[in-house]
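Chain and residue survey
Below, each chain spelled out in residue letters.
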Amino acid sequence: MRPSISSALLITLFLLCFIHGATSQENLIRDSCRTFAKDDPNINFNFCTTSLQAAPASHCAALRGLGTISFRLIRYNVTDTRCMIRQLLKGKKLDPYVRQCLNDCFELYSDAIDTMKQAMKAYNTKRFADANIEISSIMDAATTCEDGFNERKGVLSPLTKRNNNTFELSAIALNVMRILQTRSD
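Residues numbered from 1 in each chain as written. Predicted model: local features only at pLDDT ≥ 70, side-chain atom pairs only at ≥ 80, totals over all residues. Heavy atoms only, no water.

What to know about the layout of surface pockets
Roughly 170 Å³ of internal volume is contained in the largest pocket. Along its surface, the largest pocket is lined by F47, S51, A54, L73, Y76, N77, N165 and L169. Within the residue set of the lining of the largest pocket, elements represented by two or more residues are helix 2 (45-54), helix 3 (63-89) and helix 6 (160-184). Here the residues of the lining of the largest pocket are counted per class, giving five nonpolar, three polar and no charged. (1 Å grid on protein atoms, 1.4 Å probe; cavity = no way out; pocket = protein on both sides within 12 Å on 5 of 7 lines; lining within 4 Å. Points joined across faces, edges and corners; volume = space filled by probe spheres on them. Helix = DSSP H or I, 4+ residues; strand = E, 2+ residues; numbered from the N terminus. Nonpolar A, V, L, I, M, F, W, Y, C, P; charged D, E, K, R; others polar.)

In structure tokens, the structure reads:
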């Protein structure tokens, strides 16, 4: 039995709408990241698009959803970095200065996990000013962690990439909130 022309037309229209929806969401990510990178020197366009597009729900999210995704990415990064620090601290042959820096970073990232929970609660209830403060403190934690290693000449931080990612993901979240606030004012 052959499908009727109206069934084929309906299926074609559905597929076009689906493809258009996916394309417009990718455009939202690209357009948002382009704006963020232009307005904020802390955001790299490629990092922004790659990070947001990698999240499963990003292809159907509106701007508020991209904010939620950026918050989750920060949380995952902070939690995973803390776990990595714990593993690094198990090393027997660590330089005492590096061990102290890692201990400081472990404490900073432990606090950042709790801070992230507060930031997510504030974001979910549209208290963007509170969420902004919490996210900014997470950025400070990543910077403070990295700075600790840089205080001694010749010491390389094993956390540079993770600290930079935490900082940049936080900058993305701050930019999403900035746009959401200007839309709701």
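Some thoughts on the nonpolar core
F71, I135 and F149 are the most contacted members of the largest nonpolar core, which has 49 residues in total. Secondary structure elements with two or more residues in this core: helix 1 (5-39), helix 2, helix 3, helix 4 (96-124), helix 5 (128-150) and helix 6. Among the elements that line this core, the one with the most residues is helix 4, at 13 residues. Among residues more than four places away in sequence, those in contact with F149 are Y97, V98, C101, L102, C105, V155, L156, S157, P158 and L159. (Core = buried A, V, L, I, M, F, W, Y, C linked by side-chain atoms within 4.5 Å. Buried < 20%, exposed > 50% of the residue type's maximum accessible area, 1.4 Å probe, protein only. Contact = heavy atoms within 4.5 Å.)

So, the state of the cysteines
Scanning all chains against the criterion turns up two disulfides. Each disulfide pairs two cysteine sulfurs, and for C33 the partner residue is C48, the sulfurs being separated by 2.0 Å. Between C33 and C48, the S-S torsion sits near -70 degrees, and that sign places the bridge as left-handed. With C33 in helix 1 and C48 in helix 2, this pair connects stretches of sequence that are 15 residues apart. Taking relative accessible area as the criterion, C48 reaches 0% and is therefore assigned buried. In this model, C105 is linked to C145 through a disulfide, with the two sulfur atoms separated by 2.0 Å. (Disulfide = S-S within 2.5 Å.)

Topic: the packing of helix 3 against helix 5
Orientation of helix 3 relative to helix 5, taken along the N-to-C sense of each, is 30 degrees, at an axis distance of 12 Å. In terms of orientation, helix 3 and helix 5 fall into the roughly parallel class. Here helix 3 and helix 5 pass one another in a crossing that is left-handed. In this structure, helix 3 uses R64, F71, I74 and V78 to contact helix 5, whose residues at the interface are F128, A131, I135 and I138. (Axes fitted to C-alpha atoms, helices over the stretch in contact; angles between N-to-C directions. Parallel < 35°, antiparallel > 145°, perpendicular 65-115°, else oblique. Left-handed = near helix turned anticlockwise from the far one by under 90°.)

Observations regarding the packing of helix 4 against helix 5
Following both chains from N to C, one finds helix 4 and helix 5 inclined at 170 degrees, their axes separated by 9 Å at the closest point. Looking at the two axes, helix 4 sits roughly antiparallel to helix 5.

Considerations on the packing of aromatic side chains
Under the counting rule described, the total for this entry stands at two aromatic pairs. Between the aromatic rings of Y123 and F128, the centroid separation amounts to 5.6 Å while the plane-to-plane angle is 55 degrees, which identifies the pairing as tilted. The exposure class assigned to F128 is buried, which follows from its relative accessible area of 9%. Above the ring of Y123, the side-chain terminus of R64 is found at 4.5 Å from the ring centroid. (Phe/Tyr/Trp six-rings, centres within 6.5 Å; stacked < 30°, edge-to-face > 60°. Lys NZ or Arg CZ within 6 Å of the ring centre and 35° of its normal.)

Notes on the pattern of salt bridges
One pass over the full model with this rule turns up five salt bridges. Close ionic contact of R178 with D39 constitutes a salt bridge, the shortest N to O distance being 3.5 Å. In this pair, R178 is assigned in helix 6 and D39 in helix 1, connecting sequence segments 139 residues apart. Using a relative accessible area of 41% as the deciding quantity, one classes D39 as partly exposed. Between R127 and D130 there is a salt bridge, and its shortest N-O distance comes to 2.8 Å. Judged by relative accessible area, R127 falls into the partly exposed class, the value being 40%. Each of K38, D39 and R178 takes part in a single network of salt bridges with overlapping partners. (Salt bridge = Lys/Arg side-chain N within 4 Å of Asp/Glu carboxyl O.)

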